[in-house]
Amino acid sequence: MITSSAPGKIFLFGEHAVVYGKTAIACAIDLRAHVTVDEAPSIQMKGPGGSIDLNPRKHPYIYSVVEKFKGLTDVTGVSIDIHSDIPVGSGLGSSAAVTIATIKALDAYYETNLTLEDIAQMGHLVESEVQGRASPTDTFVSTFGGMVQIPDRKKLGFHDMLIVIGNTGKFSSTRKIVSNVAALRERHPIVIGQIMDTISAISETGVDFIQEGDFHTVGELMNINQGLLDSIGVGSKELSELVYASRKAGALGSKITGAGGGGCMIALCEHKNLSRVAHAVKRAGGDSFICRTSNTGVRIETK
Ligand SMILES: Nc1ncnc2c1ncn2[C@@H]1O[C@H](COP(=O)(O)OP(=O)(O)O)[C@@H](O)[C@H]1O
Ligand SMILES: C[C@@](O)(CCOP(=O)(O)O)CC(=O)O
Ligand SMILES: [Mg+2]
């Protein structure tokens, strides 16, 4: 029996633009998905109600991972048991964390000796297949941890930051939201193209301010990024209410993280305002909690 784990993530800047090769800055957080694999009579998913055969509709990401391992080794009977702290469909990269942790656990179980780069690339392939279109961001962050710049695949200096997360509790399918943006971009290629370029410029500008620890300016850039995410149709009334409640309570900056349309927003705060902002987000109807950025990527927990 082998257990692995991989972190979820937040986007400081650049979600959606990164799907079109523009720059994004994302960071792993201290919420993790844990995957345990063990010998079994067939390829099955373990759940609270017992074991069921792996089903491509029910578990598309896991199914895609197993199909890739069939190309590497003789995959017959293995059980896959997932326990995740990461809210699903909330923009915190649950799909990538589950994907990367499953790849790592199967790699250790079948001794296929994949490098971290191999794992990140396989994970990106899986997300692209399942979502139709995906950037390497989520899977790269879940693999390597820390703060990263995509598409450069560069690990940046790590900053131990506390972030207020507000979850609208509205599930949002990344696949659906990403395809909506793609359709909008088809209808208005120049306008949406320039918006994606501007989001990219925010990411590239933001890197220096993050590295310098100028979080007032980082927050200001997050707010500009939020306005642009609204302009491409990935905001929602609930997300806006949480974003503006956090700013009123003193957040330096706040924005959607991930696909949007529902899911989570994040607020960057000074330490002294953390709980005030978290309470304001809760009062505005969000399930709010404080998470910490994490420098730990995918790892084996027990063998
Ligand atoms: N604990 C889990 N067990 C199995 N699959 C999971 C788990 N968490 C997430 N997933 C998969 O990831 C999908 C959600 O991914 P996505 O729509 O990209 O949202 P996000 O990555 O923002 O959480 C779920 O529909 C499911 O297929
Ligand atoms: C919208 C996007 O930029 C981020 C999606 O993040 P999440 O799956 O909602 O956590 C898509 C991508 O980068 O593949
Ligand atoms: Mg996802």
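Here the structure is shown first, and the text comes after it.
All values derive from a computational prediction rather than experimental measurement.

Q: I'd love a proper account of the sheet that holds strand β9 (residues 253-256), names of residues and values included.
A: The sheet built from 4 strands is open, its strands ordered β9-β10-β8-β11 with antiparallel pairing. The open sheet is flanked by β9 and β11 (287-292), the only strands paired with a single partner. The sheet shows a mean angle of 25° between the axes of neighbouring strands, direction not considered. Here strand β8 (residues 162-167) runs beside β11; their pairing, made up of 6 bridges, is antiparallel. Across the sheet, Val164 pairs through a bridge with Ile290, a residue of β11. Packing against the sheet, helix α7 (residues 215-231) makes contact with β9 and β10 (264-268), and its axis sits at approximately 30° to β9.

Q: Which residues make up the site of ligand 2, and what values go with them?
A: Contacts to ligand 2 come from 16 residues, most closely from Lys9, His16, Ser135, Thr174 and Ala259. At 3.0 Å, a backbone N or O of His16 approaches an oxygen atom of ligand 2. Measuring from an oxygen atom of ligand 2, one finds a backbone N or O atom of Gly93 at 3.0 Å. A total of 390 Å² of accessible area belongs to ligand 2 in isolation, and the protein chains cover 97% of it. Contributions of two or more residues to the shell around ligand 2 are made by β1 (2-13) and α5 (174-187).

Q: Now, about the site of ligand 1: what can you tell me, with residues and values included?
A: Around ligand 1 lies a shell of 18 residues, among which Gly89, Gly91, Ser94, Ser95 and Thr174 are the nearest. With respect to ligand 1, the backbone of Gly89 contributes an N or O atom lying 2.8 Å from an oxygen atom. The separation between an oxygen atom of ligand 1 and a polar side-chain atom of Ser95 is 3.1 Å. Contact with the protein chains covers 83% of the free accessible surface of ligand 1, which is 560 Å². Of all the elements in the fold, those that place two or more residues in the shell around ligand 1 are α1 (60-70), β5 (78-84) and α2 (94-110). Considering every element that reaches the shell around ligand 1, the biggest residue donor is α2, with 3 residues.

What counts, and at which threshold
- Residues numbered from 1 in each chain as written.
- Chains lettered and ligands numbered in written order.
- Predicted model: local features only at pLDDT ≥ 70, side-chain atom pairs only at ≥ 80, totals over all residues.
- Heavy atoms only, no water.
- Pairing = 2+ DSSP bridges.
- Helix = DSSP H or I, 4+ residues; strand = E, 2+ residues; numbered from the N terminus.
- Axes fitted to C-alpha atoms, helices over the stretch in contact; angles between N-to-C directions.
- Contact = heavy atoms within 4.5 Å.
- Near = heavy atom within 4 Å.
- Polar contact = N/O pair within 3.5 Å; in protein donor to acceptor, adjacent residues only side chain to side chain.
- Areas by Shrake-Rupley, 256 points an atom, 1.4 Å probe, with all protein chains shown as cover.

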